[in-house]
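Structural description and commentary
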Amino acid sequence: QVQLVESGGGLVQAGGSLRLSCAASGTIFSVKAMAWFRQAPGKQRELVAVITSDGSTYYADLVKGRFTISRDNAKNTVYLQMNNLKHEDTAVYYCNADIVRSGSFYPTGYWGQGTQVTVSS
């Protein structure tokens, strides 16, 4: 089994910062791309940022320059540093990872349970 466990969400004032973490555990052979998505009430889930296994990154335009995605391959953990938060960043943030399980050849996508980020204006 593979699990993604997120942490670091909470309530913060506009202009503040939060750091999210997501750790993958279980029968893992390798972790490919890792990403953060978010879903606000009444809206579709949207991609926030992606980081590949070699460290290449991609950011949605709405967060570019404010959010930073990083990873620790030794810990199978991805982070999202969120600075200058805005009210419109309020959402449930989900971690996603493409993981090759031990004994498998192909990656499978896994999701975390989500962590709430609330930005007060």
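Everything numeric here is computed off the predicted structure, so don't read it as measured data.

Strand order in the open sheet formed by four strands is β1-β3-β8-β7, with antiparallel pairing between adjacent strands. The sheet terminates laterally at β1 (2-7) and β7 (67-72), the two strands that pair on one side only. Taken pair by pair, the neighbouring strands of this sheet meet at an average axis angle of 15°, ignoring direction. Across six bridges, β7 lies against strand β8 (residues 77-82) in antiparallel orientation. Among the inter-strand pairings, Ser-70 is bridged to a residue of β8, identified as Tyr-79.

Turning next to the pairing of strand β11 (residues 115-120). Strand residues, when the strand is regular, have side chains that alternate between the two faces of the sheet. Across the two faces of β11 the burial differs, with Thr-115, Val-117 and Val-119 buried and Gln-116, Thr-118 and Ser-120 not buried at all. For strand β2 (residues 10-13) and β11, the ladder comprises four bridges, and the chain directions are parallel. The residue bridging Gln-13 from the neighbouring strand is Ser-120, located in β11. Across three bridges, the pairing between strand β9 (residues 91-101) and β11 is antiparallel. Counted as the bridge partner of Val-92 is Gln-116 from β11.

Okay, the layout of surface pockets next. Of the pockets and cavities examined, the largest pocket occupies roughly 170 Å³. If you go around the largest pocket, the residues you meet are Arg-38, Gln-39, Ala-40, Lys-43, Gln-44, Glu-46, His-87, Glu-88, Thr-90 and Ala-91. Here the residues of the lining of the largest pocket sort into two nonpolar, four polar and four charged.

The rules behind these values
- Residues numbered from 1 in each chain as written.
- Predicted model: local features only at pLDDT ≥ 70, side-chain atom pairs only at ≥ 80, totals over all residues.
- Heavy atoms only, no water.
- Pairing = 2+ DSSP bridges.
- Helix = DSSP H or I, 4+ residues; strand = E, 2+ residues; numbered from the N terminus.
- Axes fitted to C-alpha atoms, helices over the stretch in contact; angles between N-to-C directions.
- Buried < 20%, exposed > 50% of the residue type's maximum accessible area, 1.4 Å probe, protein only.
- 1 Å grid on protein atoms, 1.4 Å probe; cavity = no way out; pocket = protein on both sides within 12 Å on 5 of 7 lines; lining within 4 Å.
- Points joined across faces, edges and corners; volume = space filled by probe spheres on them.
- Nonpolar A, V, L, I, M, F, W, Y, C, P; charged D, E, K, R; others polar.

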